[in-house]
Every structure is written in structure tokens, then in C-alpha cells.
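Topology and contacts: notes
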Amino acid sequence: MSMPSSANYADLAPLRREVPLAPFTTLGIGGPAEFFFEPQKPEQLADLLTALEADGTPFRMLGGGANTLFPDEGLRGAVVHTGGMRRLFRDEPGLRAWPGVTLPALVRSAMELGLAGVHQLVGVPGQVGGALAMNAGASDWGIWDQVEEVTYWVPGPREGLKIEAHPAAECQPRYRDGNLQGAVVLEVLLRLEESTKKAVKQAQDNLLRRKNQSQPVRLASAGCAFKNPAQDAAGRLLDQAGMKGKRCGQAEVSPLHANFIVNLGGATAQDVRALLEQMEAAVLAESGVQLERELQVVTPT
Ligand SMILES: Cc1cc2nc3c(=O)[nH]c(=O)nc-3n(C[C@H](O)[C@H](O)[C@H](O)COP(=O)(O)OP(=O)(O)OC[C@H]3O[C@@H](n4cnc5c(N)ncnc54)[C@H](O)[C@@H]3O)c2cc1C
């Protein structure tokens, strides 16, 4: 794809070409992005997206890459990484965050201020924009439960401004799905509860202890590969189907947690896709349940 021409992209956001995506993901997998943008401010991001859309250049948002599997052959078009937009402000009724704030930074800052709510994201890698897209969380709780207001860039033909602030009540997030429908998060105001640093830290420590015991936290993974079906756990169904320890190439179903795929070193996207298919088929045959993928499997463009 040739570089789009209707805007001077270098003025809008730092741009690199043919950037390997693997280092930007927790699985450590993925070929190069043809154009790799790293906007530094939400307004820059909005202008960039508007220009890319006007030029018909396909783009994909990337936060911490903690829930994304990129293809081995890479992607044509643009990847827009939010990692340069890390400002976090104290604002009533909690914290206001740009999309590239990392979840560990958010959790730590809230704890330091004695604010409860996002403590349930302890041990979860990624960034705020990606977390809103995924409605990241624990059990039935998701980050959207704390959203007061969110500012989006909205795609599609429309005259004038495409940036809008929405009260949380207007949005309809679902379990592990922010239901953004192509909108891109520019900023969010999170509603947090006044507590004490000690109480928040204690709650975090308890959650973290449990995660460290039950998940392969030291290995390269993308967290849970599948969503939990209603009234059940995907990990339990996968375990029952005998998937723990199964491998395709260098991708393995974690022997510790059957819903985690780990990269033992040098796994390809093809290995992970083949393993995902085996996992789905095994659970369908054993329990009659069709699992739904949580992992965002990106197809080549
Ligand atoms: C060890 C480990 C443990 C984990 N534990 C949990 C857990 O307990 N709970 C949980 O819910 N998840 C968990 N995860 C998964 C992951 O951390 C979360 O889904 C996280 O929110 C992903 O954020 P990210 O920024 O890395 O998203 P990415 O993988 O970068 O992107 C995910 C999706 O969000 C989109 N996106 C990114 N930025 C934006 C934006 N600004 N606007 C719109 N869309 C955007 C991307 O295009 C993509 O579709 C875990 C992962 C790992 C590796």
C-alpha cells in the first residue's frame, strides 16, 4: 500500500515503517506493521484517525498488546499505538486517564491516593484504552463499572467534529466487551470510591496472591484465550476436555491454567491459531459448549 497523501502524517504523529509488532505484545508474536503511528496526545490521535479514514487507509488500534494475536506476515495499513499517551489526572469523582496509561500505573496511582474501584485490575497488563475495549476485569466486574464519562473518536461519514464525550449510561458494555463498535477511546473519567491506601493495598495483595498461584504469570501469554460461558468457566471446560499441556509447535495450553496459551519461545501465530481450534473442538466434543474467543485474533490485511 502506498502512503496516503491527503495529510502530512509526519505533522500529525510520529510515524515509523515496517515495525515488527511482536515486541508490542505480551505473547511476543507478530510480523511488521506497514505504518506504525505513536500519537502523543488525544487530539493528535483524533486528527490522525480522521486523516487515515479520509484516505481510506485501514488502521488498527494497539494498546499494551496483552489481548492481541497479530499475524506472522504482519499487517498492511496502519497500526496506531497508544503507548505515548500516558497522562493521568486527579479529577472528581476519581481519576481521568488518557488511553495509553498502563493498567499497573492506574492501579498503583489509585492505591497511593486511597481510591478503590480499579484495584481489581491488579496483575492485569495492558492500557486503559485496550481495557475499555475489552471491558477488562474479574468475574462479573469490569472496568466499565467505574466509568463516569468517556470521550471517543467516532468513525463514519459525518460533518464536522467526530469527538464526543458520553456519559457511561449511554454506552452498553458487555462481559469482556466494551461494545465500542469502531469508536476509539481518547480519554476516560473513572469513578472511584474514597478508601484508605492500606485497605486498597490489602485487597490488591489478596487478589495478586491468588493470581500468582493459579496463572502462568511469568510466561508469555495473552491471559484468558476464551470468555467464560454463562454459569461456567472456560478453564474448567478445557481442563475437563484434557487440554492442559497440549501443544502446537511452541504454543502450549498452560498446565497451570487451561484457559491460558503460553509461548514457550518462538511460537508463531499459526501455532496459536491451530491450538485455539483444537481447544474449541475438544470442548465442543466433550461438553457440547461452543467457546467464544476473548483473544483478539487479527487476520492479515
Ligand atoms: C498475564 C495476563 C493476565 C491477564 N489477566 C486478565 C484479567 O484478569 N482480566 C481481564 O479482563 N483481562 C486479562 N488479561 C487480558 C488483557 O490484559 C486485557 O484484555 C487488557 O485490557 C488488554 O489491554 P491492552 O491495552 O493490552 O489491549 P490490546 O491487546 O492492545 O488491544 C485489545 C483490543 O482493544 C483495542 N483497543 C486498544 N486501544 C484502544 C482504544 N484507545 N480505543 C479503542 N479500542 C482500542 C484493540 O484494537 C484490540 O481490539 C490478561 C493478560 C495477561 C497477559
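For the structure, see preceding data.
The following paragraphs examine the structure supplied in this document. (Residues numbered from 1 in each chain as written. Predicted model: local features only at pLDDT ≥ 70, side-chain atom pairs only at ≥ 80, totals over all residues. Heavy atoms only, no water.)

**Some points on the site of the ligand**
Convention followed: We call a residue near a molecule or strand when any one of its heavy atoms sits within 4 Å of it. Whenever a nitrogen or oxygen atom comes within 3.5 Å of another N or O atom, the pair is scored as a polar contact, on the condition that within protein one atom can donate a hydrogen and the other can accept it, and that pairs from neighbouring residues in sequence are kept only if both atoms are in side chains. Here the open area of atoms and residues is found with the Shrake-Rupley method and a 1.4 Å probe, where only the protein chains shown may cover a residue. Strands are runs of DSSP state E lasting at least 2 residues, helices are runs of H or I lasting at least 4, and numbering of each runs from the N terminus. Under the convention adopted here, Pro, Cys and the residues Ala, Val, Leu, Ile, Met, Phe, Trp and Tyr are nonpolar, Asp, Glu, Lys and Arg are charged, and Gly plus all remaining residues are polar.
What surrounds the ligand is a group of 32 residues, the closest being Met61, Gly63, Thr68, Pro125 and Gly137. Take Pro125: an N or O atom from its main chain is 2.6 Å from an oxygen atom of the ligand. Within the complex, the protein chains bury 93% of what would otherwise be the 990 Å² of accessible surface of the ligand. Where the shell around the ligand is concerned, the elements lending two or more residues are strand E3 (59–62), helix H4 (128–134), strand E13 (184–191) and strand E15 (220–224). With five residues, the single largest contributor to the shell around the ligand is H4. Of the residues assigned to the shell around the ligand, the class counts are 15 nonpolar, 14 polar and three charged.

**Some thoughts on the pattern of salt bridges**
Here is the rule: Any carboxyl oxygen of Asp or Glu within 4 Å of a side-chain nitrogen of Lys or Arg constitutes a salt bridge here. Partly exposed residues are those whose accessible area sits between 20% and 50% of the maximum for their type, while under 20% is buried and over 50% is exposed, using a 1.4 Å probe and protein chains only.
Inspection of the entire model under this criterion finds 16 salt bridges. As a salt-bridge pair, Arg96 and Asp91 come within 2.8 Å of each other at their nearest N and O atoms. Looking at Arg96, the relative accessible area reads 17%, which means it is buried. The partner of Asp177 in a salt bridge is Arg174, with the nearest N and O atoms 3.1 Å apart. What makes Arg174 partly exposed here is its relative accessible area of 46%. The network of salt bridges with common partners includes Glu18, Glu34 and Arg76.

**Some details on the sheet that holds strand E12 (residues 163–167)**
Strand pairs in the sheet, formed through backbone hydrogen bonds, run parallel or antiparallel to each other. Let me state the cut-off plainly: Strand pairing is assigned whenever DSSP identifies at least 2 bridges connecting the two strands. Axis lines are fitted to C-alpha atoms, over the contacting stretch for helices. Their N-to-C directions set the angle, which ranges from 0 to 180 degrees. Residue contacts follow a heavy-atom distance rule, with two residues in contact if any of their heavy atoms lie within 4.5 Å.
Pairing within the open sheet is antiparallel, and its five strands lie in the order E6-E7-E13-E11-E12. Only two strands of the sheet have a single neighbouring strand rather than two, namely strand E6 (88–91) and E12. When the angles between neighbouring strand axes are averaged without regard to direction, this sheet yields 20°. Note: strand E11 (residues 147–153) against E13, six bridges, orientation antiparallel. Pairing of Val150 across the sheet is with Val188, part of E13. The sheet strands contacting helix H2 (residues 42–55) are E11, E12 and E13, and the helix crosses E13 at an angle near 145°.

**Describing the packing of helix H3 (residues 103–112) against helix H5 (residues 197–214)**
Orientation of H3 relative to H5, taken along the N-to-C sense of each, is 145°, at an axis distance of 8 Å. Across the interface between the two elements, Val107, Met111 and Glu112 from H3 touch Lys197, Val200, Lys201 and Gln204 from H5. Of the residues contributing to the contact of H3 with H5, the split by class is three nonpolar, one polar and three charged.

**Overview of the sheet that holds strand E16 (residues 247–248)**
Spatially, E15-E18-E17-E16 is the arrangement adopted by the four strands of the open sheet, whose pairing is antiparallel. Edge strands, defined here as strands with exactly one partner in the open sheet, are E15 and E16. Where E15 lies against strand E18 (residues 260–263), three bridges are found, and the strand directions are antiparallel. Directly across from Cys224, in E18, lies its bridge partner Phe260. Helix H7 (residues 269–287) rests against E16, strand E17 (251–253) and E18 of the sheet, and its axis sits at about 25° to E17.

**Looking at the packing of aromatic side chains**
Rules: The criterion for an aromatic pair is that two Phe, Tyr or Trp rings (for Trp, the six-membered ring) have centres within 6.5 Å, with stacked assigned to planes under 30 degrees apart, edge-to-face to planes over 60 apart and tilted to the rest.
Scanning all chains against the criterion turns up three aromatic pairs. Taken together, a centroid distance of 4.7 Å and an interplanar angle of 40° make the contact between Phe24 and Phe36 tilted. On the criterion of sequence distance, the pair formed by Phe24 in the loop between strand E1 (15–20) and strand E2 (32–37) and Phe36 in strand E2 is long-range, its members being 12 residues apart. Overall, Phe36 belongs to the buried group, its relative accessible area being 1%. The interplanar angle of 70° and the centroid separation of 6.0 Å between the aromatic rings of Phe59 and Trp153 together place this pair among those described as edge-to-face. Residue Phe59 is found in strand E3, and its partner Trp153 is found in strand E11; the two are separated by 94 residues along the sequence.

**Some words on the side chain of Glu187**
Looking at the secondary structure, you find Glu187 in strand E13. Only 2.8 Å separates the side chain of Glu187 from the side chain of Arg96, close enough to count as a polar contact. Reaching out from Glu187, the side chain makes a polar contact with the side chain of Trp98 at a distance of 3.3 Å. Contact partners of Glu187, with chain neighbours within four places excluded, come to Arg96, Ala97, Trp98, Pro99, Val150 and Thr151.

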